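# Coordinate inspection notes
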Amino acid sequence: QVQLVESGGGLVQAGGPLRLSCAASGSIGSIRAMGWYRKAPGKQRELVATITSGGTTTYADSVKGRFTISRDNTKNTVYLQMNSLKPEDTFVYYCNARIRKRSGVRFDDYWGQGTQVTVSS
């Protein structure tokens, strides 16, 4: 089994920082891209940021310059450092990873359980 476990969400005042972490565990053979997505009730999930195994990053325009995605391949962990948070960053944040199981040959998408981030004005 493979699972992603997120941590670091919570309530923060506008302008403040917050750091999310997501650790992948289980029978992992290899991990390709990892990323963060976010979703509001009744709306579609949207991309926040992704990072390849080699460290290439992409960001949604709405978070560029404020959020930084990074990963520690030795710990199978991806991070999202969020600075200058705004009330409109209030979402449930989900981590995603494209993982090949140790016993497998194909890569599949795995998702964390989600962590709430609330930014107060």
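Notes on the structure follow.

Cut-offs used in this document
One numbering rule holds for all chains: residues counted from 1, following each sequence as written. It should be noted that, the model being predicted, local features are given only for residues of pLDDT at least 70 and side-chain atom pairs only at 80 or more, the latter also being counted only at that level, while totals for whole chains, interfaces and linings use all residues. As a rule here, side-chain values cover all heavy atoms of the structure and leave hydrogens and water aside. Criterion for a disulfide: a pair of cysteine sulfur atoms at a distance within 2.5 Å. Comment: elements are numbered from the N terminus, with helices defined as DSSP H or I runs of at least four residues and strands as E runs of at least two. Each residue is placed in one exposure class: buried if its accessible area under a 1.4 Å probe, protein chains only, is under 20% of its type's maximum, exposed if it is over 50%, and partly exposed if it falls in between. What we call a nonpolar core is a set of buried Ala, Val, Leu, Ile, Met, Phe, Trp, Tyr and Cys residues that are connected through their side-chain atoms within 4.5 Å. Throughout, a residue-residue contact means that at least one pair of heavy atoms, one from each residue, lies within 4.5 Å. Should DSSP find at least two bridges between two strands, the strands are taken to pair. For helices, the fitted line uses only the C-alpha atoms of the stretch in contact; every axis is such a line through C-alpha atoms, and the angle between N-to-C directions lies from 0 to 180 degrees.

Before going further, it helps to spend a moment on the state of the cysteines. Evaluated as defined, the whole model comprises one disulfide. Across the disulfide, C22 is cross-linked to C95 (sulfur-sulfur distance 1.9 Å). Residue C22 is located in strand β3 (residues 18–26), and its partner C95 is located in strand β9 (residues 91–101); the two are separated by 73 residues in the primary sequence. A residue is classified by how much of its surface remains accessible, and C22, at 1% relative accessible area, is buried.

Attention shifts here to the nonpolar core. W36, L80, M82, Y93 and I99 are the most contacted members of the largest nonpolar core, which has 31 residues in total. Secondary-structure elements contributing two or more residues to this core are β1 (2–7), β3, β4 (28–39), β5 (46–51), β7 (67–72), β8 (77–82), β9 and β11 (115–120). The contacts of I99, once residues within four sequence positions are left out, are V2, L4, A24, I28, S30, I31, R106, F107, D108 and Y110.

Turning our attention to the sheet that holds β8. What the four strands build is an open sheet, ordered β1-β3-β8-β7; its pairing is antiparallel. Whereas interior strands pair on both sides, the edge strands pair on one side only; in this sheet they are β1 and β7. Across the sheet, the axes of successive neighbouring strands diverge by a mean angle of 15°, strand direction being ignored. Looking at chain direction, β3 and β8 are connected through six bridges and run antiparallel.

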